[in-house]
Amino acid sequence: MTAPAQLSATFRVVASLLLLVVVVGGGALIYLWKTFGDAAAAQAAASQPPPMWAVESAEVRTKPFASSTTSIGTVRALQSITLRNELPGTVHKVSLQTGQVVEAGAVLVELDVAVEQAELQALEAEAKLAASMLARMEQALSKQGASAADVDRARAEHDKALANVARTKAVIERKRLRAPFHARVGFVDLHVGQYLDAGATVTTLQGTEDAVHVDYAVTQDIAAHLTVGSDVEIVVTGQPPAQAKIVAMDARVDATTRNTSIRALLRGLSPMPQPGASVRVRTPKEAPVEVMVVPATALRRGSDGDHVFAIVKNEQGALVADVRRVHSGASLGDEVVIKDGLKVGDRVAAAGSFKLFPGALIAVVDKATAGKLVTAPQGTQSAAGDSTAKPQ
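Residues numbered from 1 in each chain as written. Predicted model: local features only at pLDDT ≥ 70, side-chain atom pairs only at ≥ 80, totals over all residues. Heavy atoms only, no water.

Q: Please provide a residue-by-residue account of the overall build of the protein chain, values included.
A: A count of helical and extended segments in the protein chain gives 4 helices and 26 strands. Every one of the 392 residues in the protein chain was classed for burial, and the buried ones make up 33%. Long-range pairs, those at least 24 residues apart, make up 74% of the contacts in the protein chain with a sequence separation of at least 6. For the protein chain, the exposed surface amounts to about 23,500 Å²; the carbon and sulfur share of it is 56%. (Helix = DSSP H or I, 4+ residues; strand = E, 2+ residues; numbered from the N terminus. Buried < 20%, exposed > 50% of the residue type's maximum accessible area, 1.4 Å probe, protein only. Contact = heavy atoms within 4.5 Å. Areas by Shrake-Rupley, 256 points an atom, 1.4 Å probe, with all protein chains shown as cover.)

Put into structure tokens, the structure is as follows:
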């Protein structure tokens with residue numbers, strides 16, 4: 001081999017060795033950088049506190065509950081009439097408007113009484129004359145100028161004249177329609193000069209008391225367990241349930257429907273439902289019993305059944321979520337009945353529980369921040385997978 005060829009082969013070998021050293025060294029540096037970087041990241045992550053879920057807590061408590069049946073009831077005013085005129089006549093004056101509140105005894109409508117007023121004046125004149133004649137007869141009797149029969153006849157004529165006056169005044173008063181009680185006026189379509197037959201509907205009057213009656217019906221089996229004074233629950237759309245008391249029960253069962261009519265008294269609701277409105281009435285079917293309840297937001301439903309998240313402490317003293325399988329019952333407003341799976345006094349996650357999972361760290365907060373992710377205090381250990389949780 002010539003000298004130039006030998007030099008070229010040596011150069012190639014040296015270049016190959018240098019390239020191999022660079023590649024191996026670069027790989028080693030990259031490996032060391034990744035190794036130390038992952039270790040630093042793991043150390044930084046380990047030093048960070050685990051996440052905590054903010055929830056609102058609630059205590060499992062008891063309340064009286066009885067299974068009930070729901071009926072549709074109709075609201076009735078304690079006092080309610082349809083105002084009609086007794087006598088025919090022409091409307092002379094209208095003193096009421098739709099929706100107006102009127103006092104007891106207030107004159108609402110006056111019919112024309114011009115003829116009756118003229119008759120009254122004539123009868124009052126006759127009564128005055130009869131009184132004068134009676135006085136003269138009594139004076140004549142004292143002087144033996146008249147007999148006792150004449151005096152009796154004059155007294156009868158006088159009494160008759162007074163009765164005719166009273167009768168005509170009564171007719172005039174019957175043509176004045178008055179409010180029999182403090183009431184709110186219904187729809188009015190009445191005008192001066194309008195002729196009304198006897199018994200024509202003028203308007204309706206509804207009492208303004210802070211109470212109403214609710215009429216509804218229940219089956220004969222349920223009615224057999226009810227008595228006057230029993231409590232029922234009235235549900236008005238847009239308002240919380242209100243308590244009412246049964247004040248009357250029909251003495252018979254309807255032969256067609258086999259239902260018994262019930263009347264309940266509802267007080268203190270604001271605003272009070274208007275007469276004629278429909279409401280729901282929940283009537284108990286049995287005596288109340290004490291049942292466990294939790295907020296409706298605490299109950300989680302799934303394909304494998306219902307559950308709640310109880311708030312317990314793990315070995316490190318941190319609050320964590322513990323799944324409790326439960327059997328739920330009826331809903332009572334914002335609460336739900338729990339038949340089993342919990343005990344009275346347990347604390348459960350309510351608002352914000354929808355984001356929890358078994359072993360999740362919990363921070364108990366108010367309702368405004370429930371469901372948000374917060375940072376655990378420094379040094380708190382994660383409870384995920386910890387099966388040694390203790391009750392709070």
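Q: Got a sec to walk through the sheet that holds strand β13 (residues 211–219)? Specific residues and values, please.
A: Around the barrel, 6 strands lie side by side as β4-β13-β16-β15-β14-β17; this closed barrel has antiparallel pairing. Neighbour-to-neighbour, the strand axes of the sheet open up by a mean angle of 40 degrees, direction not taken into account. Relative to strand β17 (residues 278–284), strand β14 (residues 231–235) is paired through 3 bridges, and the arrangement is antiparallel. What sits directly across from Glu233, in β17, is Arg282. (Pairing = 2+ DSSP bridges. Axes fitted to C-alpha atoms, helices over the stretch in contact; angles between N-to-C directions.)

Q: Account for the environment of Arg61, naming residues and giving values.
A: Relative to the assigned elements, Arg61 resides in strand β3 (residues 61–65). Arg61 gets classed as partly exposed once you look at its relative accessible area, which sits at 39%. Sequence separation between Arg61 and Val344 is 283 residues, and the spatial gap between their C-alpha atoms is 5.4 Å. Each residue touching Arg61, except ones within four places of it in the same chain, is listed here: Val291, Met292, Val293, Glu335 and Val344.

Q: Give me the nonpolar core: which residues, what numbers.
A: General note: in soluble globular proteins, nonpolar side chains tend to be found buried as a group. Formed by 20 residues in total, the largest nonpolar core has its most connected members in Tyr216, Val218, Val232, Ile234, Leu266, Val279 and Val281. Elements that contribute at least two residues to this core include exactly β13, α4 (220–223), β14, β15 (242–249), β16 (259–267) and β17. Sorting elements by how many residues they give to this core places β13 first, with 4 residues. Beyond its immediate stretch of four places on either side in the chain, Val218 contacts Ser71, Ala223, Leu226, Asn259, Thr260, Ile262 and Thr283. In terms of nonpolar packing, the next biggest core, distinct from the first, is built from 17 residues, Val91, Leu177, Phe181 and Leu196 among them. (Core = buried A, V, L, I, M, F, W, Y, C linked by side-chain atoms within 4.5 Å.)

Q: Describe the side chain of Thr283, and please don't skip the residues or the numbers.
A: By the secondary structure assignment, Thr283 is in strand β17. Thr283 gets classed as buried once you look at its relative accessible area, which sits at 0%. Within the local environment of Thr283, its side chain forms a polar contact with the side chain of Tyr216, the two groups lying 3.3 Å apart. The residues touching Thr283, leaving out its near neighbours within four places in the chain, are Ser67, Ser68, Thr69, Tyr216, Val218, Ile222, Leu226 and Val232. (Polar contact = N/O pair within 3.5 Å; in protein donor to acceptor, adjacent residues only side chain to side chain.)

Q: How would you explain the pattern of salt bridges if you had to name every residue and give the values?
A: For the structure shown, the criterion picks out 20 salt bridges. Notably, a salt bridge pairs Glu335 with Lys63, separated by 3.3 Å at the nearest N-O pair. Of this pair, Glu335 sits in strand β22 (residues 335–340) while Lys63 sits in strand β3, and the two are 272 residues apart along the sequence. The class of Glu335 is buried, set by a relative accessible area of 15%. Ionic pairing is found between Arg174 and Glu86, a salt bridge with its closest N-O pair at 3.3 Å. Pair noted here: Arg174 is in helix α3 (residues 148–174) and Glu86 is in the loop between β5 (80–84) and β6 (89–94), with a separation of 88 residues, a long-range link. Note on Arg174: relative accessible area 37%, which makes it partly exposed. Through salt bridges with shared partners, a single network forms among Glu110, Glu173, Arg176 and Arg178. (Salt bridge = Lys/Arg side-chain N within 4 Å of Asp/Glu carboxyl O.)

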